[in-house]
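Here's the letter readout for the chains.
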Amino acid sequence: MSFVPPFCPSNICPAHKKPEKRWFTREGYYQPKCRTVRVPRFRCNLCGRGFSRQTFRHDYRDHKPHTNAATYLHLVSGVGLRQTGRLVGLDVHSVQGKLRKMSRTCRRLHANLCVELRASEFLLDEEETYENSSIRTVTMPVVIERKTWFVVAATAGPIRRLAKAGTRRRRWQERDEKKRGRRPDTSRACVRKTLEDLRRRLPEGAKIQLHSDLKSSYATLARSVFGDAVMHLRTPGCAARTTANPLFPINTTLAMTRDNNGRLRRKSWLVSKKAERLVEQMQLFACYRNYVRTRFNSDAPGETPGRLLGLIERNLQAHEVLGWAQLWGRRSIHPTSAEGDRTHDMAAAG
Ligand SMILES: [Zn+2]
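What counts and what doesn't
Residues numbered from 1 in each chain as written. Predicted model: local features only at pLDDT ≥ 70, side-chain atom pairs only at ≥ 80, totals over all residues. Helix = DSSP H or I, 4+ residues; strand = E, 2+ residues; numbered from the N terminus. Buried ≥ 20, exposed ≤ 12 C-beta atoms within 10 Å, placed from the backbone. Contact = placed C-beta atoms within 7 Å. Expected span 1.5 Å × (residues − 1). Arc of directions from axis to C-beta. Pairing = 2+ DSSP bridges. Right-handed = clockwise from strand over helix to strand, strands pointing away. Axes fitted to C-alpha atoms, helices over the stretch in contact; angles between N-to-C directions. Parallel < 35°, antiparallel > 145°, perpendicular 65-115°, else oblique. Left-handed = near helix turned anticlockwise from the far one by under 90°. Nonpolar A, V, L, I, M, F, W, Y, C, P; charged D, E, K, R; others polar.

Participant: I'm lost on the environment of Leu-322 in this one. Help?
Facilitator: As for its placement among the helices and strands, Leu-322 is situated in the loop between α11 (318-321) and α12 (344-349). Exposure remark for Leu-322: the 27 C-beta atoms within 10 Å place this residue in the buried category. Residues Leu-322 and Lys-215, spaced 107 residues apart in sequence, show a C-alpha to C-alpha distance of 38 Å. Those residues in contact with Leu-322 that lie beyond four places of it in its chain are His-58, Asp-59, Asn-68, Ala-69, Tyr-72, Met-102 and Thr-105.

Participant: Help me out: how do you make sense of helix α6 (residues 187-200) in this one?
Facilitator: Since the α-helix advances by 3.6 residues per turn, residues separated by three or four positions end up pointing in the same direction. Taking 1.5 Å as the rise per residue, α6 with 14 residues should run 20 Å; its terminal C-alpha atoms sit 20 Å apart, in good agreement. Buried residues of α6: Ser-187, Cys-190, Val-191, Thr-194, Leu-195 and Leu-198, and no others. Relative to the axis of α6, the buried residues are bounded by an arc of 130° and lie together on one face. Contacts from the buried residues of α6 go to β4 (121-130), β5 (137-145), β6 (151-154), β7 (157-158) and α7 (216-226).

Participant: How should I be thinking about the pairing of strand β9 (residues 230-234) in this particular structure?
Facilitator: As a general feature of sheets, a regular strand has side chains that alternate between the two faces. As paired strands, strand β8 (residues 208-212) and β9 are joined by five bridges and run parallel to one another. Residue pairing across strands places Ile-208 opposite Val-230, the latter belonging to β9. In this view, the connection linking β8 to its parallel neighbour β9 by way of α7 has right-handed handedness.

Participant: What is the right way to read the packing of α6 against α7 from this model?
Facilitator: Geometry of a packed helix pair, given as the angle between the helix axes and the separation of the axes. Two numbers describe how α6 lies on α7: the axes approach to 10 Å, and their chain directions differ by 40°. Here α7 runs oblique to α6, going by the angle between their axes. The way α6 lies across α7 gives a crossing that is right-handed. On α7, the residues that touch Arg-188, Val-191, Arg-192, Leu-195, Glu-196 and Arg-199 of α6 are Ser-217, Tyr-218, Leu-221, Ala-222, Val-225 and Phe-226. A class-by-class count of the residues in the contact of α6 with α7 yields seven nonpolar, one polar and four charged.

Participant: Could you clarify how one ought to interpret helix α2 (residues 68-75) in this entry?
Facilitator: Most of α2 is tucked away: six of the eight residues are buried. All buried positions along α2 are accounted for by Asn-68, Thr-71, Tyr-72, Leu-73, His-74 and Leu-75. Next to the buried residues of α2 lie α3 (81-88), α4 (92-113), α9 (275-292) and α11.

Participant: Looking at this model, I keep getting lost on the packing of α3 against α4. Mind explaining?
Facilitator: At their nearest, the axes of α3 and α4 sit 8 Å apart, and the two run at 105° to each other. One element, α3, and the other, α4, form an angle in the roughly perpendicular class. Taking contact as the criterion, the partners of Leu-81, Arg-82, Thr-84 and Gly-85 in α3 are, on α4, Val-92, Ser-94, Val-95 and Gln-96.

Structure below.
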């Protein structure tokens, strides 16, 4: 079957929102240098815009699109940017460019797939890391679902953690702040953002349980975001880190983030230069964790957190995560639709 465009890509065209019968004309094919198959071309009968199948793809206008899936898999396997470049045949700047574009597609894909979470128990914790230099600390709050370990939300931002007064490290921090100004502390704002991200994905009137450690700001933030809809359960951080610990799933997920994302590894030189780059990396990781990787090694292959939550019918391959562009919300083409004939809305309607 040949590709049928779902709508006109021009968002000011009437055929964008409501494509009527015969809204486009086929205009042959072109043969890109980087591909073996030819790409069908179209023209919109209403606005006259020309476009192709590529307009609906993540790798639209990419150089070396055949390296995308391998680049993605290396980047979620703890490999650094430079080494990824060496392995797939790109220079480090191309890897950086691809990472940024992939992070946008992953963020949108997660938003389009995870619109309503039918679950009631969630866990919250923060991972501490740093940007550029170990004195510039960064927090990375993560919220996951308890049974499936589905990563609902993650973000990162600078925090101010001063060493003991009089220590060498403290003097170093003071010199640094004199040069760059006082370091902002965005811990509360970042935690609030991840909790609001969770709230947006819950059905109207849903009641939830939220597990966390004893950090006092979690209680006030949970109350302020969810009001009476939350039962907040707290476990001391010093409790034994066994499977019996209610925080076991989030502790293990955070350990997994250090394993899968080179820049979070301790005593490594792959550290992020900027906290924003870490946020981008986490978009790649969340899609990998939720839709590509099987939940536990003991699960049947393909039992991803996203499938277990009923958000998608099966696991995805890397080339499917980076398949169709996800720019148009739920009207974007569904990642499991090989021919491009099914949007997210159509998938939900059955
Ligand atoms: Zn048009």
